[in-house]
Amino acid sequence: MNIGLSQKLGALRRDNINAEALRRVPSYGISPFETAAYALPPVLLVMAGAMPSAAIVLMPMILPFLYILFRRFGIYFPLACVCVYGAAALTLNYDILTVIYFVTLVFALFGLVLSAQLSPYLLCAAVAVVFAVVGAFVGMGIVRLAEGKPLGDVASDYVKAESEDPVIGYFIFESFAAADFPASADKPEPSDPNYESAAVEYFAEIARKELDLYAPYYCIHFGGLTGAIAYFVSVIVNRRTAGKNDVGATEAQIRLSSRALGGVRPESTAIADMRVPRLFLAACVAPSLIAGLVLELLGGYGALASIVMHAFVTLPASMSFFALMCFFASLFRGKAQAAANVVVAVCGAVLVVFPAAMFIASIIGVCDILLNLRFWTRFIMSG
């Protein structure tokens, strides 16, 4: 027999024996709090299907919970949850937003699971974010093809058709009340019978112009945020659990963990130690700044400049800022560290809700990439 083949067969047999031994290792039981948390993804998906207009704020919460289900039970259970959500929501309460959310969730879930099999962390983060963004683009494209009209017109018609929706109605009347009309145009008063129809028409036109110009921006923004949040959660989950299907799992690790059937390649680098290399400045930041400047000088390409800057600078630099905040939180000990982690979580929520906060965070993130603030922090502390 060929010696090389014999050695490979021997290694394969040893791997099978080791895998069989790991299957027999007892794991910790699942806590009641975790068992209760398993009910959250179906509840959140039901909420998303019942009120699609408000579901966009649920997507960054749903995807991390789906990943926790994957880690515990494998891929089939969370995938089944997403498929049931899509089938039930589109059958019982068809909505074009549900189409976008469903496609985005499917792509994002596969991208997140794939990222957990890869290394290093920059590649993992990129895969998770890119899959979520591509899912948002594909969902938008399906809606565009199904409706047979530009996305701006789709958005305008949607606002008119769903003007009685509580969420959409709130934005309609808030934006109309704050609108400044030229002196030559008469703005209807709330007591005017035409006030509601005028408000709907006004907001529908805003939606049409916004989606005509910034549809790619919103796909990148919300898809990127959803993928980034879920990736950071996946790193935390993977580092705190171990399973027989993990790459490099040992018996000691499995004994200290509750059972995890979704196999991963555990990330050895904590979020606090994740840094974006300075090459990012030359590969992404500088070309994006030059492209944005050129587009602004040409005129009429402001939306395209915003899209380029957001995709290649703001989002990656904001992720770097969040990792920097995790580093500062890791410097505390005991109860102070728990409080610092709460502050970091609140900062993350602020970045998601307020675009201005994300812009400021991206500036700090670029400074960290350039100056390595972690090094200088340790240097000052050591002195």
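You'll find the structure just up there.
Just so we're clear, the structure is a prediction, and the values are computed from it rather than from any experiment.

K.L.:
Just checking my understanding: could you explain the packing of aromatic side chains for this structure?
P.N.:
Remark: the centre distance and the inter-plane angle together describe each pair of aromatic rings, the angle taken between the planes. If you walk through the whole model with that rule in mind, you get 16 aromatic pairs. Ring centres of Phe232 and Phe322 lie 5.0 Å apart, and the angle between their planes is 40°; this geometry places the pair in the tilted category. Of this pair, Phe232 sits in helix H10 (residues 195–240) while Phe322 is found in helix H13 (residues 302–330), placing the two residues 90 residues apart along the sequence. Judged by its relative accessible area of 10%, Phe232 falls in the buried class. Aromatic pair Phe375 and Trp376: ring centres 5.1 Å apart, planes at 75°, arrangement edge-to-face. Overall, Phe375 belongs to the partly exposed group, its relative accessible area being 44%.

K.L.:
Even after reading the chapter, I still don't get the environment of Ala198, so can you show me in this structure?
P.N.:
By the element assignment, Ala198 lies in helix H10. Ala198 sits in the partly exposed class, given a relative accessible area of 23%. Sequence separation between Ala198 and Phe173 is 25 residues; the distance between their C-alpha atoms is 9.8 Å. When sequence neighbours within four positions are dropped, the list of residues in contact with Ala198 reads Phe176 and Pro188.

K.L.:
Explain a nonpolar patch on the surface here, please?
P.N.:
Taken together, the side chains of Leu370, Leu371, Phe375, Trp376, Phe379 and Ile380 make up a nonpolar region of the molecular surface, amounting to roughly 650 Å² of accessible area. At the level of elements, helix H15 (355–371) and helix H16 (373–382) are the ones that each hand at least two residues to the nonpolar patch. When residues in the nonpolar patch are grouped by element, the largest group, 4 residues, is from H16. By the element assignment, Leu371 lies in helix H15.

K.L.:
Would you take a moment to explain helix H6 (residues 96–115) for this structure?
P.N.:
Because each turn of an α-helix spans 3.6 residues, side chains separated by three or four positions in sequence point in the same direction. Compared with an ideal rise of 1.5 Å per residue, which puts 20 residues at 28 Å, H6 spans 29 Å between its outermost C-alpha atoms and is within 8% of the ideal. In terms of burial, H6 is a largely internal element, 14 of the 20 residues being buried. In this structure Asp95 caps H6, since a side-chain oxygen of it lies 2.8 Å from the backbone nitrogen of Leu97.

K.L.:
What is the right way to read the pattern of salt bridges from this model?
P.N.:
Should the charged atoms of two oppositely charged side chains come close, the side chains can pair. One pass over the structure, following the stated rule, counts 7 salt bridges. Among the salt bridges present, the one from Asp246 reaches Arg71, with a minimum N-O distance of 2.7 Å. Taken as a pair, Asp246 in the loop between H10 and helix H11 (251–255) and Arg71 in helix H4 (residues 59–73) lie far apart in primary sequence, 175 residues in all. A salt bridge links Asp368 to Arg374, with the nearest nitrogen and oxygen atoms 2.8 Å apart. For the pair Asp368 and Arg374, one class covers both residues: buried.

K.L.:
It is not clear to me how the packing of H13 against H16 should be interpreted in this structure. Could you clarify?
P.N.:
Packed helices, taken two at a time, are described by the angle their axes make and the gap between the axes. Running from N to C, H13 and H16 point in directions that differ by 20°, and their axes come no closer than 11 Å. On the basis of the axis angle, H13 is roughly parallel to H16. The handedness of the crossing between H13 and H16 is right-handed. Of the residues in H16, those touching H13 at Ser320, Ala323, Leu324, Phe327 and Phe328 are Leu373, Arg374, Thr377 and Arg378. In terms of residue class, the contact of H13 with H16 is built from 5 nonpolar, 2 polar and 2 charged.

K.L.:
How should I be thinking about the side chain of Thr226 in this particular structure?
P.N.:
With respect to the element layout, Thr226 can be found in helix H10. Relative accessible area serves as the criterion here: at 6%, Thr226 is assigned to the buried category. A distance of 2.8 Å separates a polar atom in the side chain of Thr226 from the backbone oxygen of Phe222. Contacts of Thr226, omitting those with residues within four sequence positions, involve Met59, Pro60 and Leu63.

K.L.:
What exactly am I supposed to notice about the nonpolar core here?
P.N.:
Here is a general trend for soluble globular proteins: nonpolar side chains tend to be buried in one another's company. Core analysis: the largest hydrophobic core is formed by 61 residues, its most contacted members being Ile62, Leu66, Leu105, Tyr231 and Met274. Take this core: its biggest share by element is 11 residues, from H13. Counting 23 residues, the second largest nonpolar core, distinct from the first, contains Tyr195, Ala207, Ala215 and Cys219.

K.L.:
Help me out: how do you make sense of unusual backbone geometry in this one?
P.N.:
Comment: phi is negative for the bulk of residues other than glycine, and the bulk of peptide bonds are trans. Going from Ser119 to Pro120, the amide bond is cis rather than trans, its omega being 0°. Tracing the backbone shows Pro120 in the loop between H6 and helix H7 (121–147). Positive phi values are uncommon outside glycine, yet Asn372 reaches one of about 55°. With respect to the secondary-structure elements, Asn372 resides in the loop between H15 and H16.

Rules behind the numbers
Residues numbered from 1 in each chain as written. Predicted model: local features only at pLDDT ≥ 70, side-chain atom pairs only at ≥ 80, totals over all residues. Heavy atoms only, no water. Phe/Tyr/Trp six-rings, centres within 6.5 Å; stacked < 30°, edge-to-face > 60°. Helix = DSSP H or I, 4+ residues; strand = E, 2+ residues; numbered from the N terminus. Buried < 20%, exposed > 50% of the residue type's maximum accessible area, 1.4 Å probe, protein only. Contact = heavy atoms within 4.5 Å. Patch = residues over 30% accessible without salt bridge, like charges linked within 9 Å, V, L, I, M, F, W, Y side chains within 5 Å. Areas by Shrake-Rupley, 256 points an atom, 1.4 Å probe, with all protein chains shown as cover. Salt bridge = Lys/Arg side-chain N within 4 Å of Asp/Glu carboxyl O. Expected span 1.5 Å × (residues − 1). Polar contact = N/O pair within 3.5 Å; in protein donor to acceptor, adjacent residues only side chain to side chain. Axes fitted to C-alpha atoms, helices over the stretch in contact; angles between N-to-C directions. Parallel < 35°, antiparallel > 145°, perpendicular 65-115°, else oblique. Left-handed = near helix turned anticlockwise from the far one by under 90°. Nonpolar A, V, L, I, M, F, W, Y, C, P; charged D, E, K, R; others polar. Core = buried A, V, L, I, M, F, W, Y, C linked by side-chain atoms within 4.5 Å.

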